[in-house]
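# Structural overview for review
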Amino acid sequence: MKLLSTKATCNSHGQDSSYFLGWEEYEKNPYDDVHNPKGIIQMGLAENQLSFDLLESWLAKNPDASGFKQGGKSIFRELALFQDYHGLPSFKQALVDFMAEIRGNRVSFDPNHIVLTAGSTSANETLMFCLAEKGEAFLLPTPYYPGFDRDLKWRTGVEIVPIQCNSSNNFQITEQALQQAYKDAQERNLKVKGVMVTNPSNPLGTTLSRSELNLLVDFIEENKNMHLISDEIYSGTVFSSPSFISVMEILKERNDLQDFKYTDNICERVHVVYSLSKDLGLPGFRVGALYSENDEVVAAATKMSSFGLISSQTQYLLSSMLGDKKFTKNYLAENLKRLKKRHGKLVSGLQKAGINCLESNAALFCWVDMRHLLHSNTFEAEMDLWKKIVYQVGLNISPGSSCHCNEPGWFRVCFTNMSEETLKQAMKRLKAFVVESTGNVNGVTSQTTIQKTKSVLTKWVFRLSSRDHRDHQEER
Ligand SMILES: Cc1ncc(COP(=O)(O)O)c(C=O)c1O
């Protein structure tokens, strides 16, 4: 008899994806410039460590916030007692104000329409539970964040149908790709409940254009029973032009132009997800939210949020921090400056190694083109290259196949979870690897080098599965 349930043991969690396996490999042999200089450098984790000093200096100046105090008096007992699911009103207000500030105050958010969750992970899953039945589907542009297989599908039984985007137009969403995905879902007998995007994109590091956003809104305008979810977890990381456009701005513009019919209820079918994991660099605090103008969704999600609440002391601390407008203004501007600078270091480091990446303007990673380093244009070759980069070069990066990219040879490389020195070291290793395997940095691979690296590879004992590749083939 099975000891565990099917749900607990089923494969749809995606934990044997190379995305998570790379983390495991890193954990076994983590790089440290002094204690383990030959270890693996973690470039597969989208953590923002660039602006901790700003947060720490605010904490030092505001000891009451983290010391359970208000006006010098302890509020420990109030915070320790059970809070209702709605969260602290002061925190909800501070969070919606922060979200509006990130969008240049071009839109505002009503605190009564926000549901607090333990990170975006929980917000995304909650939305799936609220909007779709088991076996119904959401369309997602590829490549997409590998965690979505777990967050959207695993416990809910919801399916993801890919909107296949590719490098020919820098992975932009086209009407043709969107309609094709819809057709694919219908051929699989899946009822489509909507479209979900991340804006800015994980893993592309790019923002959605106005025309892409209008295309998506048009699509749900045409399909009256569909929703549009916009995961805007990276909205505060847009460090270069074009600037960020939230789907809420598109709705506002179109409402102002009276573009929607009264009966369309589009605004009630668009939902935004947010979290402080990236913009403030606080993934450990587990602070997220979903925003919806749909009262029924807000009510259902609020009920569900009891499984993933944010602790009251975290809310208290952050309501104080985010309520400090001088601080948020300075933080957002300085963080963007640092992100831009660091992004430049990665791009130039890669260029020196003869590697290009998709031009990007946001987020904590680049979408890197290593197609010229593959021994063939296949996902097997992508896996082979990835294994070499993890074990031989000592860098954990995420293969495009783990993001369901339909072209082999792309990798997501994170640049904000390490020091500048570590990034330099990573680029040095990568350059040496490219020179060794191609004979130069312009990517012309000699046959002898391919043979040599192939024979080295076969000697390794890999416990890494080729599931990403298999999944990918099944999907096509
Ligand atoms: C697009 C996207 N959504 C959600 C998440 C999960 O974030 P959180 O830490 O808020 O749960 C991530 C984390 O990497 C992400 O990139």
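Residues numbered from 1 in each chain as written. Predicted model: local features only at pLDDT ≥ 70, side-chain atom pairs only at ≥ 80, totals over all residues. Heavy atoms only, no water.

### Description of the overall build of the protein
Within the protein, the regular secondary structure consists of 18 helices and 15 strands. Taken over the C-alpha trace, the protein has a radius of gyration of 23 Å; the compact-globule value for 476 residues is 23 Å, and the two agree within 12%. Judged by the C-alpha coordinates and their principal axes, the protein covers about 65 × 55 × 55 Å. Of the contacts made within the protein by residues no fewer than 6 positions apart, 76% connect residues no fewer than 24 positions apart. Accessible surface for the protein amounts to roughly 21,200 Å². Of this, 51% is attributable to carbon and sulfur atoms. Here the protein carries 53 positive and 55 negative side-chain charges, and the mean point of each set is 6 Å from the other. (Helix = DSSP H or I, 4+ residues; strand = E, 2+ residues; numbered from the N terminus. Rg over C-alpha atoms; globule rule 2.2 N^0.38 Å. Contact = heavy atoms within 4.5 Å. Areas by Shrake-Rupley, 256 points an atom, 1.4 Å probe, with all protein chains shown as cover. Lys, Arg positive; Asp, Glu negative; His and termini not counted. Charge placed at Lys NZ, Arg CZ, Asp CG, Glu CD.)

### So, helix α2 (residues 18-28)
Along α2, the residues that are buried comprise Ser18, Tyr19, Phe20, Leu21, Gly22, Glu25 and Tyr26. Capping of α2 at its N-terminal end is provided by Ser17; its side-chain oxygen lies 3.0 Å from the backbone amide nitrogen of Tyr19. (Buried < 20%, exposed > 50% of the residue type's maximum accessible area, 1.4 Å probe, protein only. Polar contact = N/O pair within 3.5 Å; in protein donor to acceptor, adjacent residues only side chain to side chain.)

### Structural notes on helix α10 (residues 210-222)
Structurally, the α-helix is built with 3.6 residues per turn, so residues lying three or four positions apart point the same way. The terminal C-alpha atoms of α10, which comprises 13 residues, lie 18 Å apart, in line with the 18 Å expected from a rise of 1.5 Å per residue. Those residues of α10 that sit buried are Glu212, Leu213, Leu215, Leu216, Val217, Phe219, Ile220 and Glu221. Summarising the contacts, the buried residues of α10 are in contact with β5 (137-141), α9 (175-187), β7 (192-198), β8 (227-231), α11 (247-256) and β9 (270-275). (Expected span 1.5 Å × (residues − 1).)

### Some words on the pattern of salt bridges
Following the criterion strictly, the structure yields 22 salt bridges and no others. Its salt-bridge partner being Asp53, residue Arg338 comes within 2.7 Å of it at the nearest N-O pair. With Arg338 in helix α14 (residues 325-352) and Asp53 in helix α3 (residues 52-61), this residue pair connects regions lying 285 residues apart in the sequence. As a salt-bridge pair, Arg254 and Glu221 come within 3.0 Å of each other at their nearest N and O atoms. Taken as a pair, Arg254 in helix α11 and Glu221 in helix α10 lie far apart in primary sequence, 33 residues in all. The burial state of Arg254 is the same as that of Glu221; both residues are buried. (Salt bridge = Lys/Arg side-chain N within 4 Å of Asp/Glu carboxyl O.)

### Digging into a negative patch on the surface
Among the surface-exposed residues, Glu268, Glu293, Asp295 and Glu296 lie close enough to one another that they form a single negatively charged patch. One can find Asp295 in helix α12 (residues 295-304). (Patch = residues over 30% accessible without salt bridge, like charges linked within 9 Å, V, L, I, M, F, W, Y side chains within 5 Å.)

### With respect to the site of the ligand
Residues in close proximity to the ligand total 15 residues, the closest being Ser120, Thr121, Asp231, Ser275 and Arg286. Within the contact set of the ligand, an oxygen atom lies 2.8 Å away from a side-chain nitrogen or oxygen of Tyr234. Here an oxygen atom of the ligand and a side-chain polar atom of Ser277 are 2.8 Å apart. For the shell around the ligand, the leading source of residues is helix α7 (residues 119-131), giving four residues. Residues of the shell around the ligand, tallied by class, amount to four nonpolar, eight polar and three charged. (Near = heavy atom within 4 Å. Nonpolar A, V, L, I, M, F, W, Y, C, P; charged D, E, K, R; others polar.)

### Let's talk about the domain arrangement of the protein
You can read the domains of the protein as domain 1 (6-46 + 335-475) and domain 2 (61-323). Relative to domain 2, the C-alpha centre of domain 1 lies at a distance of 28 Å. If you look at the interface, domain 1 gives 33 residues, while domain 2 gives 35 residues. For the pair domain 1 and domain 2, the two sides together bury roughly 3,100 Å², of which 59% comes from carbon and sulfur. The largest share of the area that domain 1 buries against domain 2 comes from His13, Asn361 and His404, three residues that together contribute 20% of it. The interface formed by domain 1 and domain 2 contains zero salt bridges. Our count for the domain 1 to domain 2 interface comes out at 16 residue pairs in polar contact (both at pLDDT 80 or more). Mapped onto the side of domain 1 that touches domain 2, the elements with two or more residues apiece are α1 (6-9), α2, α14, β12 (365-369) and β15 (410-414). Top element by residues in the side of domain 1 that touches domain 2 is α14. It accounts for five residues. Grouping the amino acids of the side of domain 1 that touches domain 2 by side-chain chemistry returns 17 nonpolar, nine polar and seven charged. (Domains from an automatic or database assignment. Buried area = accessible area lost by both parts, 1.4 Å probe.)

### As for the environment of Leu385
Here Leu385 is to be found in helix α15 (residues 379-393). The spacing of Leu385 and Leu374 is 11 residues in sequence and 6.5 Å in space, taken between C-alpha atoms. Other than its neighbours up to four places away in sequence, Leu385 contacts Met370, Leu373, Leu374, Phe411 and Phe433.

### Overview of the environment of Ala123
Mapping Ala123 onto the fold places it in helix α7. Judged by its relative accessible area of 0%, Ala123 is buried. Each C-alpha atom, one on Ala123 and one on Asn214, is 24 Å from the other, the two residues being 91 residues apart in sequence. The residues touching Ala123, leaving out its near neighbours within four places in the chain, are Thr117, Val273, Ala289 and Leu290.

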